[in-house]
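Each chain, written out:
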Amino acid sequence: MTTRLEPGDKAPDFTLPTADGASVRLADLAKSTDKGVIVYFYPAAATPGCTKEACDFRDSEASLLGAGYAVVGISPDKVAKLAKFAQDETLTFPLASDEDHATLEAYGAWGEKQNYGKTYVGVIRSTVVVNPDLTVAESFYNVKATGHVARIRKVLGLDA
C-alpha cells in the first residue's frame, strides 16, 4: 500500500535533474516563494492527458507565480524526453526526471493502479502543495488531468 501525504506532514526534500539540463531541489524552490510549491506527478510526457495537464499549468503559471506559488512537474521520463516535451509545449516551469521512482514513492505517487481492467504499478497522477517550510499544505491523489488545475486554484483560494 502506498503511503499518501496529508496536510501537515513533512514533505520529503528532493533534488532531481530537469529538462533544461540543470536540477531542481524542493527546499531551494520553496524558499524562493511566498506561498510554496505545487509539485505535480504525471505518468508520461507527451501523452494526451499529461499534455493537457502540463498546458493547464503553463496557462496558469503567471497567476500562480503572482500568488506566490512555483510549479514543478515530475515524471519517470528521461531528461531528453522531458526537454522535447517542454520545448514542444513551451513549458516554462521545471520538469524533473525521477527515473528510479524514489521521489514518486516518497510522495505516494507510485503504486498499484488500474486501467481498462488491468492492474499494474505506475505513476498515480497526484499533486502536493508544499509550504515554504516543507510541510504539506494540500494533497490530491488519483486526479483527472482535465480540470485539475482549476480545482487546485479553487482550493488555494485563487479564483475567489
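It should be noted that the structure appears before, not after, this text.
Residues numbered from 1 in each chain as written. Predicted model: local features only at pLDDT ≥ 70, side-chain atom pairs only at ≥ 80, totals over all residues. Heavy atoms only, no water.

A. Molecular detail of the environment of Phe57. Inspection of the secondary structure assignment puts Phe57 in helix H2 (residues 48–66). Each C-alpha atom of the pair Phe57 and Ile38 lies 9.8 Å from the other, and the pair is 19 residues apart in sequence. Ignoring any residue separated from it by four or fewer positions in sequence, one finds Phe57 in contact with Ile38, Tyr40, Leu64, Val71, Phe93, Val149 and Ile152. (Helix = DSSP H or I, 4+ residues; strand = E, 2+ residues; numbered from the N terminus. Contact = heavy atoms within 4.5 Å.)

B. Geometry of the nonpolar core. Residues Phe14, Leu26, Val39, Phe41 and Tyr107 are the most contacted members of the largest nonpolar core, which totals 26 residues. Counting only elements with at least two residues in this core, the list comes to helix H1 (26–31), strand S3 (36–41), strand S4 (69–75), strand S8 (126–130) and strand S9 (136–141). Looking at this core element by element, the count peaks at four residues for H1. Dropping the residues within four chain positions of it, Phe41 is found in contact with Ile74, Thr103, Leu104, Tyr107, Ala109, Val123, Ile124, Arg125, Ser126 and Val128. If you look at the next biggest cluster of nonpolar residues, it comprises 23 residues, including Ile38, Phe85, Ala86 and Leu95. (Core = buried A, V, L, I, M, F, W, Y, C linked by side-chain atoms within 4.5 Å. Buried < 20%, exposed > 50% of the residue type's maximum accessible area, 1.4 Å probe, protein only.)

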